[in-house]
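# Results of the structural survey
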Amino acid sequence: MKYVDEFRDPTKAKALVKAIQQLAATLRTETPLQFMEFCGGHTHTLFKYGIEAMLPDNIEMVHGPGCPVCVLPMARVDDCVSIAEQPNVIFTTFGDAMRVPGTCKSLLQAKADGCDVRMVYSPMDALNLARQQPTREVVFFALGFETTMPSTALTLLQAAREGLNNFSLFCNHITTPATMRVILTDPDLTLDGFLAPGHVSMVIGTQPYDFVVRDYHKPVVITGFEPLDILQALWLLLKQVSEKRAIVENQYARIVTTQGKSAGLAAIQQVYEVRAHSE
């Protein structure tokens with residue numbers, strides 16, 4: 001399949017729903033199976049297309065972290081506001097972080113109070129601002145999972161090459177495997193499997209999820225964001241449970257490879273090497 005409409009085909013969706021229902025009917029569990037979709041993009045698709053309502057009663061979706069902005073501690077927002085309030089600072093951030101509340105105020109409120117807080121579309125926009133404002137300190141709020149880490153890393157390397165000493169990061173990047181490990185160690189959660197995020201997996205590949213299978217014996221299916229992607233991934237998870245297996249499966253093979261995108265990972269590694277050398 002090559003086009004978006006093909007991944008939203010109602011006939012194929014009904015066939016997958018029927019297959020899920022038939023397989024679920026063969027399982028005898030005391031409580032519903034709990035599958036977590038890690039990514040907010042998956043949650044959006046579940047709600048937009050009413051997928052949860054199509055699932056049998058013994059399958060329950062547990063909504064995961066969603067995005068780094070959604071799980072950002074209030075104290076980190078307080079730190080952002082504190083940095084923005086410093087003299088001669090231009091604080092830059094993605095728009096979705098502007099309204100996130102801290103314990104006292106958000107960055108949007110800090111801007112209203114007179115701080116120079118600016119929305120940018122990429123870290124390169126912040127870097128360009130540092131070039132234009134050489135007498136001011138430009139701080140970029142680096143936030144996101146592995147999908148945004150490479151652009152942050154490349155921007156920092158570019159700043160180092162140009163010798164721009166007025167550009168810095170407030171780094172709050174979060175890695176998906178580490179977050180999944182925290183979720184798995186929560187005694188209040190009894191998850192039976194994961195829908196792993198397709199776009200993150202495009203960067204990191206499939207291997208970083210091996211620990212979920214090895215250490216926790218939970219099935220993982222990497223999946224895309226269209227309705228048929230998610231339905232097929234749920235069927236694959238259910239099939240693993242029914243066969244008492246736990247492996248990492250790649251439903252999103254049209255995009256995700258085992259090794260991921262080496263260029264993005266190399267950029268991140270280069271930043272670590274530069275930092276280690278400077279220390």
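Here's a quick rundown of the structure. Here the structure is a predicted model, which is why all the values come from computation and not from measurement.

### Some points on helix 2 (residues 40-48)
Along helix 2, the residues that are buried comprise His-42, Thr-43, Thr-45 and Leu-46. Viewed end-on, helix 2 has its buried residues packed into an arc of 160 degrees, placing them on one side of the element. Of the exposed residues in helix 2, those oriented more than 90 degrees away from the buried face are His-44, Phe-47 and Lys-48. Just past helix 2, the residue Gly-50 takes up positive phi, approximately 65 degrees.

### Considering the packing of aromatic side chains
Applying the stated rule across the entire model yields six aromatic pairs. With a centroid separation of 5.8 Å and 20 degrees between ring planes, the pair formed by Phe-141 and Phe-170 is classed as stacked. Taken together, the residues Phe-141 in strand 5 (residues 137-144) and Phe-170 in strand 6 (residues 167-173) connect sequence positions 29 residues apart. Accessibility expressed as a relative area gives 1% for Phe-141, which makes it buried. Residue classification places Phe-170 among the buried residues on the basis of a relative accessible area of 17%. Seen in terms of ring centroids, Phe-225 and Tyr-252 are 6.2 Å apart; in terms of plane orientation they differ by 85 degrees. Their pairing is edge-to-face. Of this pair, Phe-225 sits in the loop between strand 8 (220-223) and helix 11 (227-242) while Tyr-252 sits in the loop between strand 9 (248-250) and helix 12 (262-278); the two residues are 27 residues apart in sequence, bridging distant segments of the chain. Through successive ring pairs, a cluster of aromatic residues spans Phe-91, Phe-141 and Phe-170.

### Here we look at the layout of surface pockets
In this structure, the second largest pocket encloses a volume near 230 Å³. Lining the second largest pocket are 16 residues, with Cys-67, Pro-68, Gly-144, Phe-145 and Thr-147 positioned closest to its centre. Listed by contribution, the elements that provide at least two residues to the lining of the second largest pocket are strand 1 (33-39), strand 5 and helix 9 (198-204). A class-by-class count of the residues in the lining of the second largest pocket yields 10 nonpolar, five polar and one charged.

### Comments concerning helix 7 (residues 149-162)
Here helix 7 is 14 residues long and its end C-alpha atoms lie 20 Å apart, about the 20 Å a rise of 1.5 Å per residue gives. Downstream of helix 7 by one or two residues, Gly-163 has phi in the positive range, about 70 degrees.

### Description of the sheet that holds strand 2 (residues 59-66)
Strands sit in the order 2-1-7-8-9 across an open sheet of five strands; the sheet is parallel. Because the sheet does not close on itself, it has two edges, and the strands there are strand 2 and strand 9. Direction aside, the axes of adjacent strands within the sheet are offset by 20 degrees on average. Sheet topology note: the strand 7 (residues 193-197)/strand 8 ladder contains four bridges and is parallel. By the bridge assignment, Ala-196 is partnered in strand 8 with Ile-222. Here helix 8 (residues 176-184) sits on the sheet and contacts strand 1, strand 2 and strand 7; the angle it forms with strand 1, its principal contact strand, is near 150 degrees.

### Some details on the side chain of Asn-172
Within the element layout of this structure, Asn-172 appears in strand 6. Engagement of the side chain of Asn-172 in a polar contact is seen with the side chain of Arg-76, the distance being 2.3 Å.

### Focus: unusual backbone geometry
One non-glycine residue, Asn-88, lies in the positive phi region at around 70 degrees. Take Asn-88: it is sitting in the loop between helix 4 (74-84) and strand 3 (89-93). The exposure class assigned to Asn-88 is partly exposed, which follows from its relative accessible area of 44%. Its identity is not glycine, yet Lys-244 carries a phi of approximately 55 degrees, on the positive side. For Lys-244, the position within the fold is in the loop between helix 11 and strand 9. Assessed through its relative accessible area of 77%, Lys-244 is described here as exposed.

### Quick word on the packing of helix 1 (residues 10-25) against helix 11
Axis separation between helix 1 and helix 11 bottoms out at 10 Å; the angle between their running directions is 20 degrees. Considered as vectors, helix 1 and helix 11 are oriented roughly parallel to each other. Crossing hand, helix 1 versus helix 11: left-handed. Between helix 1, through Lys-12, Ala-13, Leu-16, Val-17, Ala-19, Ile-20, Leu-23 and Ala-24, and helix 11, the contact on the second element is made entirely by Leu-228, Leu-231, Gln-232, Leu-234, Trp-235, Leu-238, Lys-239 and Ser-242.

### Some words on the side chain of Glu-146
Along the polypeptide, Glu-146 turns up in the loop between strand 5 and helix 7. For the buried Glu-146, no salt bridge exists, and the shortest N-O distance to an oppositely charged side chain is 12 Å, to Arg-181. Among the polar contacts listed, one links the side chain of Glu-146 to the backbone nitrogen of Thr-176, at a separation of 2.8 Å. Excluding its chain neighbours within four sequence positions, the residues that come into contact with Glu-146 are Ile-174, Thr-175, Thr-176, Pro-177, Val-200, Val-203 and Ile-204.

Conventions used here
All residue numbers refer to positions counted from 1 along the written sequence of the respective chain. Per-residue local features of the predicted model are confined to residues with pLDDT of at least 70, and side-chain atom pairs are confined, for both listing and counting, to 80 or more; whole-chain, interface and lining totals are unaffected and use all residues. Calculation of side-chain values draws on the structure's entire complement of heavy atoms; hydrogens and water are dropped beforehand. For every residue, the accessible area obtained with a 1.4 Å probe (protein chains only) is divided by the maximum for its type, and the residue is called buried under 20%, exposed over 50%, and partly exposed between those limits. Only DSSP runs of H or I with at least four residues qualify as helices, and only runs of E with at least two residues qualify as strands; both kinds are numbered from the N terminus onward. Along the arc lie the directions from the helix axis toward the C-beta atoms. In summary, the pairing rule links any two rings of Phe, Tyr or Trp, Trp by its six-membered ring, whose centres are within 6.5 Å, and it sorts them by plane angle into stacked for under 30 degrees, edge-to-face for over 60 and tilted for everything else. Cavity: a set of points on a 1 Å grid over the protein atoms alone where a 1.4 Å probe fits but cannot get out. Pocket: an open set with protein on both sides within 12 Å along at least five of seven lines, its lining residues, like those of a cavity, having an atom within 4 Å of a point. Grid points are joined across faces, edges and corners, and a volume is the space filled by probe spheres set on the points. Gly falls in the polar group here, along with every residue not listed as nonpolar (Ala, Val, Leu, Ile, Met, Phe, Trp, Tyr, Cys, Pro) or charged (Asp, Glu, Lys, Arg). Helix span, as expected, comes to 1.5 Å for every residue beyond the first. Pairing between strands is defined by DSSP: at least two bridges between the two strands are required. In this analysis an axis means a line fitted to C-alpha atoms, helices contributing only their contacting stretch, and an angle means the value between N-to-C directions, from 0 to 180 degrees. Contacts between residues were defined by any pair of non-hydrogen atoms, one from each residue, lying within 4.5 Å. Any pair of N or O atoms that falls within 3.5 Å is considered a polar contact. Within protein, one atom must be able to donate a hydrogen and the other to accept it, and sequence-neighbouring residues count only if both atoms are side-chain atoms. Angular relationships are summarised with four words: roughly parallel below 35 degrees, roughly antiparallel beyond 145, roughly perpendicular across 65 to 115, and oblique for the angles in between. The crossing is said to be left-handed when, going from far helix to near helix, the turn is anticlockwise and less than a right angle, and right-handed when the turn is clockwise. In this tally, Asp and Glu contribute negative charge and Lys and Arg positive charge; neither His nor the terminal groups of the chain are included. The term salt bridge refers to a pairing of a side-chain nitrogen on Lys or Arg with a carboxyl oxygen on Asp or Glu at a separation within 4 Å.

Structural measurements only, silent on function.
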